[in-house]
Amino acid sequence: MSSPDPQVRAARNESTPHAARGVRGPVVAVTGAASGIGALLTERLVASDEVKQVIAIDERRGDCAAAQWHILDVRDPAIAEKLRGADVVVHLALDLDLETDSAARTAYNVRGTQTVLTAAAAAGVHRVVLCTSAMVYGALDDNELPLSEDAELRATAEATGVGDLLEIERLARRAPRAHPGLNVTVVRPAVLVGGTDTALTRYFESPRLLVVAGSRPAWQFCHVEDLCSALECAVLEKVEGELAVGCDGWLEQEEVEELSGIRRMELPSAVALGAAARLHRIGLTPSPAGDLAYTMYPWVVSGSRLHDAGWRPQWTNEEVLAELLEEVSGRHTVAGRRLGRKDATAAGAAGATVALLGAAAVVRRARKARRRI
């Protein structure tokens with residue numbers, strides 16, 4: 001009997017669950033599976049011939065019909081029952097939205113991670129994969145270029161969400177001691193691009209690229225597709241431990257300006273940091289002054305452990321920057337605050353300078369307005 005047409009065979013494979021096809025491999029649970037990186041990873045794992053089954057967990061059902069869905073909050077202890085039978089859990093249910101109240105964000109991120117780690121141990125899961133950021137290394141003038149995975153985590157809690165990520169890192173280190181037999185892998189991506197909205201992607205929405213005098217930025221990006229492939233390597237236990245992931249090498253500030261076509265606006269450190277702090281304090285911008293450090297000093301990572309395991313990024317820094325510029329085209333941000341079209345037109349090309357140098361005047365006006373209320 002002749003073999004079926006390749007297109008028919010492919011359609012059959014798509015419609016047949018891996019478990020029914022006798023696929024050997026881990027059962028993988030993904031939290032935060034309905035959107036963002038979680039959705040991309042879920043689709044990738046479902047399509048993998050090395051994964052037996054995917055359990056998708058989120059507060060709403062996503063689009064991946066081939067996954068087994070459970071709808072609940074990751075802070076709910078009932079998640080332990082949903083994880084039974086899983087070999088690996090990838091925890092991606094994190095809130096790093098710039099607009100989220102910081103206390104609510106921390107409560108969700110930290111409590112959610114604690115619950116997932118405890119539930120995974122109770123359910124007999126042998127590996128949990130967590131995703132933080134290379135920001136945990138800190139952006140400092142004396143950082144080596146590039147940093148190894150074993151470099152000290154010298155970040156502070158002054159930048160958006162970094163305090164949460166540092167606490168997640170601490171939970172990751174403690175978990176194997178608290179739960180013998182549970183292995184934890186932590187993946188730390190560089191500046192993440194691909195449907196993301198962070199203080200660092202908003203940097204490229206400004207009419208001028210803010211450069212703090214005396215700083216030495218080095219830009220390294222990570223496309224979400226490369227992050228997902230790195231997470232898959234961790235899931236399949238091709239590599240373990242603390243993993244840094246990003247494009248090979250980095251771009252100097254001058255290269256970024258040349259590639260982007262956006263001119264710089266250089267300000268003294270005291271002016272830039274002071275103005276950013278005041279604007280954030282009165283609620284005019286979502287980003288604290290600590291976010292500026294990541295545009296001032298290098299925090300480039302080597303990704304040596306993934307490379308040693310045979311993994312390679314499919315994207316270059318130049319390609320990711322080009323995609324980022326296309327994504328943010330038409331958006332307008334001044335000092336970290338996204339503006340509507342009308343506001344952006346009024347701000348003009350000098351808007352960032354006005355926003356920063358006029359911070360003191362803004363503060364005075366805001367105080368007067370409050371007194372009148």
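It should be emphasised that the depicted structure is a prediction, and the values quoted were computed from it without experimental measurement. (Residues numbered from 1 in each chain as written. Predicted model: local features only at pLDDT ≥ 70, side-chain atom pairs only at ≥ 80, totals over all residues. Heavy atoms only, no water.)

## A word on the overall build of the protein chain
Looking only at helices and strands, the protein chain has 14 helices and 15 strands in total. The burial tally for the protein chain puts 50% of its 373 residues in the buried class. Long-range contacts, defined as pairs at least 24 residues apart, comprise 77% of the intrachain contacts of the protein chain with a sequence gap of at least 6. On the protein chain, roughly 17,400 Å² of surface is accessible, and the fraction owed to carbon and sulfur atoms is 50%. (Helix = DSSP H or I, 4+ residues; strand = E, 2+ residues; numbered from the N terminus. Buried < 20%, exposed > 50% of the residue type's maximum accessible area, 1.4 Å probe, protein only. Contact = heavy atoms within 4.5 Å. Areas by Shrake-Rupley, 256 points an atom, 1.4 Å probe, with all protein chains shown as cover.)

## A closer look at the side chain of Thr-115
With respect to the secondary-structure elements, Thr-115 resides in helix α4 (residues 102-122). Once residues lying within four places of it in the same chain are set aside, the contact partners of Thr-115 are Val-74, Arg-75, Asp-76, Pro-77 and Ile-79.

## Section: the sheet that holds strand β4 (residues 88-91)
In space, the seven strands of this open sheet follow the order β3-β2-β1-β4-β5-β6-β11, with parallel pairing throughout. If you trace the sheet from one side to the other, it starts and ends with β3 (68-71) and β11 (242-245), each paired once. Strand after strand, the sheet turns through a mean of 20 degrees between neighbouring axes, direction not considered. Across four bridges, the pairing between β4 and strand β5 (residues 127-131) is parallel. (Pairing = 2+ DSSP bridges. Axes fitted to C-alpha atoms, helices over the stretch in contact; angles between N-to-C directions.)

## Some details on the confidence of the model for the protein chain
The predicted model of the protein chain has a mean per-residue pLDDT of 87, with 82% of residues at 70 or higher. Every residue in residues 1-17 is under pLDDT 50, and counting partners more than four places away or in other chains gives four contacts. (pLDDT = per-residue confidence, 0-100.)

## What to know about the packing of helix α8 (residues 253-260) against helix α11 (residues 317-328)
Look at α8 against α11: their axes get within 11 Å of each other, and the N-to-C directions meet at 50 degrees. Classified by the angle between their axes, α8 and α11 sit oblique to one another. In this structure, α8 crosses over α11, and the sense of that crossing is right-handed. Counted together, Val-256, Leu-259 and Ser-260 of α8 and Glu-318, Leu-321 and Leu-325 of α11 form the full contact between these two elements. The class makeup of the residues in the contact of α8 with α11 is four nonpolar, one polar and one charged. (Parallel < 35°, antiparallel > 145°, perpendicular 65-115°, else oblique. Left-handed = near helix turned anticlockwise from the far one by under 90°. Nonpolar A, V, L, I, M, F, W, Y, C, P; charged D, E, K, R; others polar.)

## Some words on the layout of surface pockets
Roughly 1,000 Å³ of volume is contained in the largest pocket. What lines the largest pocket is a set of 37 residues, among which Ile-37, Leu-94, Leu-96, Leu-192 and Thr-196 lie closest to the centre. Contributions of two or more residues to the lining of the largest pocket are made by α2 (36-47), β7 (191-193) and α6 (199-202). Per-class residue counts for the lining of the largest pocket are 19 nonpolar, twelve polar and six charged. (1 Å grid on protein atoms, 1.4 Å probe; cavity = no way out; pocket = protein on both sides within 12 Å on 5 of 7 lines; lining within 4 Å. Points joined across faces, edges and corners; volume = space filled by probe spheres on them.)

## Examining α2
Under the 1.5 Å per step criterion, the end-to-end length of α2 is 17 Å for twelve residues, consistent within 8% with the ideal 16 Å. Here α2 has its buried residues at Gly-38, Leu-41, Thr-42, Leu-45 and Val-46. All buried residues of α2 fall inside an arc of 135 degrees around its axis, so they share one side. In α2, the exposed positions angled more than 90 degrees off the buried face are occupied by Gly-36 and Ala-47. (Expected span 1.5 Å × (residues − 1). Arc of directions from axis to C-beta.)

## Section: the packing of α2 against helix α7 (residues 224-235)
Think of two packed helices as two axes; the pair is described by the angle between the axes and how far apart they sit. Remark: α2 packs on α7, axes separated minimally by 10 Å, with the N-to-C direction vectors making an angle of 55 degrees. One element, α2, and the other, α7, form an angle in the oblique class. Viewed along their axes, α2 and α7 form a crossing whose handedness is right-handed. Judged by residue contacts, Ile-37, Leu-40, Leu-41, Arg-44 and Leu-45 of α2 engage Val-224, Glu-225, Leu-227, Cys-228, Ser-229, Leu-231 and Glu-232 from α7. Classifying every residue of the contact of α2 with α7 by side-chain character gives eight nonpolar, one polar and three charged.

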